[in-house]
Amino acid sequence: MSWNFNLPVKILFGRNRALEVVDLTKPLGDGLLICDPFLVDGPARQLIAVSAGRIAEVFSSVSPNPSVEEVDACCDAIRRLDAKYLIAMGGGSVMDVAKAASVIIFGDDRTRAYHTGGKALPQKRLPVFAIPTTAGTGSEVTSVSVLTDRELGVKAPMGSPLFNMDTAIVDPVLTLSVPPRVTASTGLDVLAHAIEGYWSVHHQPICDATAMYATKLVFQNLMRVYNNPQDIDGRERMCEASLLAGIAFSHPKTTGSHACSYPLTNVYGMPHGEACAFTLDAFIRINADARVLELARYSGFDSVDAMADAVYDLKRRTGMKLTLADAGIKTEDVPELVKASMHPNMLNNPVAMDAEAIERLYRGLQ
Ligand code: NAD
C-alpha cells in the first residue's frame, strides 16, 4: 500500500471556543464574516461585537446546497470590503461558499466557469477560518467545496489543495440549537463519510483509524442528541465524530452513497445527509466483503447485516425517507435516476457498480 497524508488545517476543539477566532485574526486586519442566516442574530452578532470593528460586514446569503451564484455574490462582498480573510460560521453550505470564494476571488471569471466549465482554479487564496455549526459535513478539514448550478441542474464537488481551511474552531455549544431533523440528517452524513472513507478504493491507514472511531461514535450518540438536543456531552461526541469522519474521507473520497445522493438532492430535494443515508444500508450489504465485518465488530455489531439493519433503524427512528415512494420517486423515473447517479465518486466504490447494479439497488428500495 502506498499513500500520502497531508492535513494542513490547525484544529481547535472545545466548548465556548468560537470567539478565539477574534484573537487569531487580529494581525490580519479587516475580514468578512460569512454565516448561516440563522446565526446572524446570535453568535454572529456576538463575534462582531468583540471584534472591535475588524469584522464589519456579514454575508449571509447562503442557502442549503449553495449555488454558484451565491459564491459570485460572496466574491462581490469580499471585493467591496477589500477583506483580508474570511470567517465561515455555519454548516457545510457556508463553509463551502467561503472556500470557493477565497480562491475564485483571485480569478477573472464567475464561479460557473470553474465549477462545470473546466477552467483551472486560480493559484492564490485568502485565509479562511472555519467555525462549523452542524455535526455533519467535516468540510472544515476537507479540500472540497460542493456547489450546485441550479440552471444546469448539476450538484458537484470542486477540489483544490487551496480549499483547505487555515484554522477550524469546533465548538460543540454552537450545535445545541440544531433542530432534531437537521441533527439526524447531518449525523447520518457523518456516518456515510466514515463508512465510505473506510471502504473507498483509496482508503489508507490514518483515514481508516478515524473512520472506525467516528462510526462507533455516531452509533453511540446520534439517537442520544436526536432525543435530547441539549445534551452537550452527546453533542461534543458528535462534533468529534464529524471532524474525524471529515478526515476519514478527506483523502479516500466518498463512494456509492454520495454518488447517489447528488440527484436525490438535486431532483428530489432531499437534504444532503438524508440523501446519503437513503442508500447507505444497501451499500453496506453490497460492499460487505470490503473489510466491513471488521468495522461492524468494532462498532459493536456481530455481523455486517446487523450494522446495515442498525443504519436502517436510525433512519426509521429519525423519520428519514426509506423508500422510493417516500421520496416521491416514481418507478418509471428510476432509469433517469440511475443515469444521474453515475457520478465519478461511484468509481471509488469497492464493488464496481454498473447501471444494472445501481438500478437493482434502487428497485430494492420500493
Ligand atoms: P447546511 O449548512 O446546509 O445547513 C442545514 C440547515 O441547518 C440550514 O437550514 C441551516 O440554517 C441550519 N443550521 C446550521 N447550523 C445551525 C445551528 N447551529 N442551529 C440551527 N440551525 C442550523 O447543512 P450541512 O449538512 O452542514 O451542509 C450540507 C452541505 O455541505 C451540502 O451542500 C453538502 O453537499 C455539503 N458537503 C460538503 C462537504 C465538504 O467536504 N465540503 C462534505 C459533505 C457535505
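Structure shown above.
Here the structure is a predicted model, which is why all the values come from computation and not from measurement.

**Some words on the side chain of Thr175**
Position of Thr175 among the secondary structure elements: in the loop between strand S8 (167-170) and helix H6 (180-199). Residue classification places Thr175 among the buried residues on the basis of a relative accessible area of 2%. When neighbours within four sequence positions are excluded, Thr175 is seen to be in contact with Thr133, Thr134, Ala135, Arg235 and Cys239.

**Observations concerning the packing of H6 against helix H13 (residues 304-317)**
The axes of two packed helices give the description: the angle between them and the distance between them. In the contact formed by H6 and H13, the axes pass within 11 Å of each other and the chain directions differ by 160°. The angle between H6 and H13 places the two elements in the roughly antiparallel class. Our pair here, H6 against H13, has a crossing hand that is left-handed. Contacts between H6 and H13 involve Leu188, Leu191 and Ile195 from the former and Met307, Val311, Leu314 and Lys315 from the latter. For the contact of H6 with H13, the per-class residue count stands at 6 nonpolar, no polar and 1 charged.

**Topic: H13**
Between its terminal C-alpha atoms H13 stretches 20 Å, which fits the 20 Å expected from 14 residues at 1.5 Å a residue. Residues Val304, Met307, Ala308, Ala310, Val311, Leu314 and Lys315 constitute the buried set of H13. The buried residues of H13 occupy an angular sector of 155° when the element is viewed end-on, so they sit on one face. Check the buried side of H13 and you find it contacts H6, helix H7 (205-227), helix H10 (272-278), helix H11 (280-286) and helix H12 (292-298). Positive backbone phi, at 75°, marks Gly319, one or two positions downstream of H13.

Reading guide: rules and limits
Residues numbered from 1 in each chain as written. Predicted model: local features only at pLDDT ≥ 70, side-chain atom pairs only at ≥ 80, totals over all residues. Heavy atoms only, no water. Helix = DSSP H or I, 4+ residues; strand = E, 2+ residues; numbered from the N terminus. Buried < 20%, exposed > 50% of the residue type's maximum accessible area, 1.4 Å probe, protein only. Contact = heavy atoms within 4.5 Å. Axes fitted to C-alpha atoms, helices over the stretch in contact; angles between N-to-C directions. Parallel < 35°, antiparallel > 145°, perpendicular 65-115°, else oblique. Left-handed = near helix turned anticlockwise from the far one by under 90°. Nonpolar A, V, L, I, M, F, W, Y, C, P; charged D, E, K, R; others polar. Expected span 1.5 Å × (residues − 1). Arc of directions from axis to C-beta.

Everything listed here is a matter of coordinates, which is why it stays silent on function.
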